[in-house]
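Remarks on the overall topology
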Amino acid sequence: HHSPQLPCTCCVNTFLLNQSMTNMTTGMRICSLFLLVGSATISSVSAFLPPSIHSPAVAHEPPRRSLTVVSSAKVLPIVYTGASVALFKKAIRRSSTKAEMAVLLTTSALSLLNMGPSDSANLASAKKAFKKTEPSSSGRAKQERQAALTWRKAVRLKIIGQIVGLALMIWARTTKGIMLGASVIMYGLVSHFLAGAGRSRHDEEGNWTPLPSNVAISILTMDALFCASAVVATNSPVASTKFAIAAGLYSFGAAVGALEGIPKFLKVLKNST
């Protein structure tokens with residue numbers, strides 16, 4: 001009887017070494033990916049968080065807080081402009097229906113003309129308002145502090161909802177996914193006013209300038225209507241009349257928002273030149 005021929009020790013060692021190197025390379029790539037994602041997430045979240053009052057950097061280097069406010073306010077227009085370009089390209093190249101194209105185009109315009117300038121100004125306003133006010137237990141000072149905290153929360157909700165919604169629309173592979181993103185955008189606007197944006201609104205200098213309650217309720221009602229229309233379109237067959245009407249109503253709301261943002265957009269362009 002002949003015993004089966006075994007591979008030589010050198011070949012086995014070479015094979016195992018190659019496998020180890022391959023596994024190490026894959027592991028390094030995965031670790032790098034997680035590090036990149038983690039860094040991006042931390043950077044994005046930190047733009048919305050105020051520096052800790054116990055931080056030595058804040059205690060000894062006040063100018064850095066102002067730099068953070070300016071940097072965060074400048075990042076948002078870049079994000080919204082990039083989203084606008086992506087949605088415009090998607091509308092031209094990948095739209096399956098005219099209604100879907102209208103949704104993408106109007107949202108692209110809304111992101112560029114309204115979201116970028118207004119959210120940048122609101123974020124800077126919220127941080128200035130928070131910096132101007134001090135914790136207090138009674139009187140006008142307490143009201144101003146509470147208004148600043150409420151305004152900051154409402155602004156964050158709006159920005160987060162809009163960015164998440166835009167991301168969903170950009171990465172969606174179906175019309176339903178696109179309308180889901182549109183629903184999230186409008187829900188961000190609704191949550192903005194439900195959180196008290198009307199009564200706690202501040203101007204660009206961080207001064208408390210609340211909206212009249214009837215105006216705030218009117219804006220909330222319209223945003224809720226457009227949000228509901230996007231939800232209906234999300235759950236309707238693309239070829240149906242219900243989808244066409246619901247998507248058209250959302251597109252109308254997005255177009256109106258884009259037109260409203262033109263004056264502030266032009267003002268930002270003028271100041272940047």
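Check the entry above for the structure.
In this report, the structure presented in the accompanying data block is examined.

A few words now on the overall build of the chain. A tally of regular secondary structure across the chain gives nine helices and zero strands. By the burial criterion, 36% of the 273 residues in the chain qualify as buried. Partitioning the intrachain contacts of the chain with sequence separation of at least 6 by distance along the chain shows that 73% fall at a separation of at least 24.

Let us now look at helix α4 (residues 98-132). If you check α4, its first and last C-alpha atoms are 49 Å apart, about what 35 residues at 1.5 Å a residue would give, namely 51 Å. At Met115, α4 is deflected by roughly 40 degrees, the largest bend along its length, and proline Pro117 occurs up to four residues later in sequence. Judged by how many residues are buried, α4 sits mostly within the fold: 25 of 35 residues are covered.

Where helix α5 (residues 139-171) meets helix α6 (residues 175-194), the closest approach of the two axes is 7 Å, and the angle between their N-to-C directions is 175 degrees. One way to sum up the angle between α5 and α6 is to call them roughly antiparallel. Facing Trp151, Ala154, Val155, Leu157, Lys158, Gly161, Gln162, Val164, Gly165, Leu166, Leu168 and Met169 of α5, the residues of α6 in contact are Gly177, Ile178, Gly181, Ala182, Val184, Ile185, Gly188, Leu189, Ser191 and His192.

In this section: the packing of α4 against α6. Where α4 contacts α6, the two axes come as close as 11 Å, and the packing angle between them is 30 degrees. By crossing handedness, the relation of α4 to α6 is classed as left-handed. Within the contact between the two elements, α4 uses Glu100, Val103, Leu104, Thr107 and Met115 and α6 uses Thr175, Ile178, Met179 and Ile185. When grouped by side-chain class, the residues that make up the contact of α4 with α6 number six nonpolar, two polar and one charged.

Parameters and conventions
- Residues numbered from 1 in each chain as written.
- Predicted model: local features only at pLDDT ≥ 70, side-chain atom pairs only at ≥ 80, totals over all residues.
- Heavy atoms only, no water.
- Helix = DSSP H or I, 4+ residues; strand = E, 2+ residues; numbered from the N terminus.
- Buried < 20%, exposed > 50% of the residue type's maximum accessible area, 1.4 Å probe, protein only.
- Contact = heavy atoms within 4.5 Å.
- Expected span 1.5 Å × (residues − 1).
- Bend = angle between axes of the 7 residues up to and from the residue.
- Axes fitted to C-alpha atoms, helices over the stretch in contact; angles between N-to-C directions.
- Parallel < 35°, antiparallel > 145°, perpendicular 65-115°, else oblique.
- Left-handed = near helix turned anticlockwise from the far one by under 90°.
- Nonpolar A, V, L, I, M, F, W, Y, C, P; charged D, E, K, R; others polar.

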